[in-house]
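# Tertiary structure, described
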Amino acid sequence: ILNVEQSPQSLHVQEGDSTNFTCSFPSSNFYALHWYRWETAKSPEALFVMTLNGDEKKKGRISATLNTKEGYSYLYIKGSQPEDSATYLCAFMGYGQNFVFGPGTRLSVLP
Amino acid sequence: DTAVSQTPKYLVTQMGNDKSIKCEQNLGHDTMYWYKQDSKKFLKIMFSYNNKELIINETVPNRFSPKSPDKAHLNLHINSLELGDSAVYFCASSQDTGGMGRMGSLEAFFGQGTRLTVV
């Protein structure tokens, strides 16, 4: 059974703060690591798909890094805004396998 | 146009009934999925379907069955509904799955979810 973990489980930050959270996944049979943003009452939306060790991706104020050898990825949000409040999911994909989602990190940005 | 659409959005039904949830994607993707959001809000894979290959999560009861009339559709049929089946079900699609050897996009697109309530 693949184990994909995320920490922290939830996070409250003030508007303007920068924050980051972690996704841990198996370091063997790696194919891809995804990050999704999931707002309440909506469907998850893809932020990044990362496939190479050392990958760094950026979209606006959000960026992510990937270390496949040690099995972790970080998601960073710079200058958090209230509209960043959501659950951030990572999903691990092994070679020839389905996505396995982590439990998510619930971010609340307080104005 | 909505990329991945599910119907209905809400479904309330009695125990013992048989129901279906429809899913359609207009992205030309090869793989479609069904996920169940469990009581802890986790997304758990139920099925994936790619080129007529069905991969089933062994924990899914056999009362649940996916039906794919064509590449753009993957419907979820549920027989003899039970109270514990109440949940939000998400359909998703992607161009490819891990290791298929093609350079398609791995990004998954999700439907809006169907909230199933069994009473």
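In short, a report on the structure. (Residues numbered from 1 in each chain as written. Chains lettered and ligands numbered in written order. Predicted model: local features only at pLDDT ≥ 70, side-chain atom pairs only at ≥ 80, totals over all residues. Heavy atoms only, no water.)

## Remarks on the overall build of chain A
When helices and strands are tallied, chain A shows zero helices and 11 strands. Its helices and strands taken in sequence order, chain A reads β-β-β-β-β-β-β-β-β-β-β from the N to the C terminus. Over its C-alpha atoms chain A spans a radius of gyration of 13 Å, differing by no more than 12% from the 13 Å that the globule rule assigns to 111 residues. Considered along the principal axes of its C-alpha atoms, chain A spans approximately 40 × 30 × 20 Å. Scored against the burial criterion, the 111 residues of chain A give a buried share of 49%. Just so you have it, chain A exposes about 5,400 Å², and 46% of that area is on carbon and sulfur atoms. Each charge sign in chain A was given a centre, from 9 positive and 10 negative side chains, and these centres are 4 Å apart. (Helix = DSSP H or I, 4+ residues; strand = E, 2+ residues; numbered from the N terminus. Rg over C-alpha atoms; globule rule 2.2 N^0.38 Å. Buried < 20%, exposed > 50% of the residue type's maximum accessible area, 1.4 Å probe, protein only. Areas by Shrake-Rupley, 256 points an atom, 1.4 Å probe, with all protein chains shown as cover. Lys, Arg positive; Asp, Glu negative; His and termini not counted. Charge placed at Lys NZ, Arg CZ, Asp CG, Glu CD.)

## Looking at the sheet that holds strand β1 (residues 4-7) of chain B
Residue and element names in this part refer to chain B. Taken together, the four strands give an open sheet; going across it, the order is β1-β3-β8-β7, and neighbouring strands pair in antiparallel fashion. Bordering the open sheet on either side are β1 and β7 (64-67), each of which pairs with just one other strand. Strand-to-strand twist of the sheet, defined as the mean angle between neighbouring strand axes without regard to direction, takes the value 20°. Of the strand pairs in this sheet, β1 and strand β3 (residues 19-25) are connected by four bridges, and their pairing is antiparallel. Residue pairing in the sheet places S5 in a bridge with E24 of β3. (Pairing = 2+ DSSP bridges. Axes fitted to C-alpha atoms, helices over the stretch in contact; angles between N-to-C directions.)

## Notes on the nonpolar core
Residue and element names in this part refer to chain A. F21, L33, W35, F48, L75, Y88 and L107 are the most contacted members of the largest nonpolar core, which has 23 residues in total. Every element with two or more residues in this core is listed here: β2 (10-14), β3 (19-24), β4 (30-38), β5 (45-50), β7 (62-67), β8 (72-77), β9 (86-94) and β11 (105-110). The element best represented in this core is β9, accounting for four residues. Sequence-distant contacts of F48, that is, excluding residues within four places in its chain, are made with L33, H34, W35, K57, K58, K59, I62, S63, A64 and L75. (Core = buried A, V, L, I, M, F, W, Y, C linked by side-chain atoms within 4.5 Å. Contact = heavy atoms within 4.5 Å.)

## Describing the pattern of salt bridges
Counted under the stated rule, the structure contains six salt bridges over all chains. With its nearest N and O atoms 2.9 Å apart, the salt bridge here joins E39 of chain A to R37 of chain A. Residue D85 of chain B is joined to R63 of chain B by a salt bridge in which the shortest nitrogen-to-oxygen separation is 2.8 Å. With D85 of chain B in the loop between β8 (75-78) and β9 (87-94) and R63 of chain B in the loop between β6 (53-56) and β7, this residue pair connects regions lying 22 residues apart in the sequence. Each member of the pair D85 of chain B and R63 of chain B is classed as buried. Bridged by salt links that share partners, the residues R37, E39 and K42 of chain A form one connected network. (Salt bridge = Lys/Arg side-chain N within 4 Å of Asp/Glu carboxyl O.)

## Points about the interface of chain A and chain B
On the chain B side, the residues contacting the 22 residues of chain A number 23 residues. Taken together, chain A and chain B are joined by two residue pairs in polar contact (both at pLDDT 80 or more). Per element, the largest residue contribution to the side of chain A that touches chain B is five residues, and it comes from β4 of chain A. Along the lines of polarity and charge, the residues of the side of chain A that touches chain B split into 13 nonpolar, seven polar and two charged. (Polar contact = N/O pair within 3.5 Å; in protein donor to acceptor, adjacent residues only side chain to side chain. Nonpolar A, V, L, I, M, F, W, Y, C, P; charged D, E, K, R; others polar.)

## What to know about the sheet that holds β7 of chain A
All names here are of chain A. Overall, antiparallel pairing links the five strands, which are arranged β1-β3-β8-β7-β6 in an open sheet. Only two strands of the sheet have a single neighbouring strand rather than two, namely β1 (5-7) and β6 (56-59). Here the average twist between neighbouring strands, direction ignored, is 15°. Taken together, the four bridges between β6 and β7 define a ladder with antiparallel strand orientation. In the strand pairing of β7, K59 is matched with I62.

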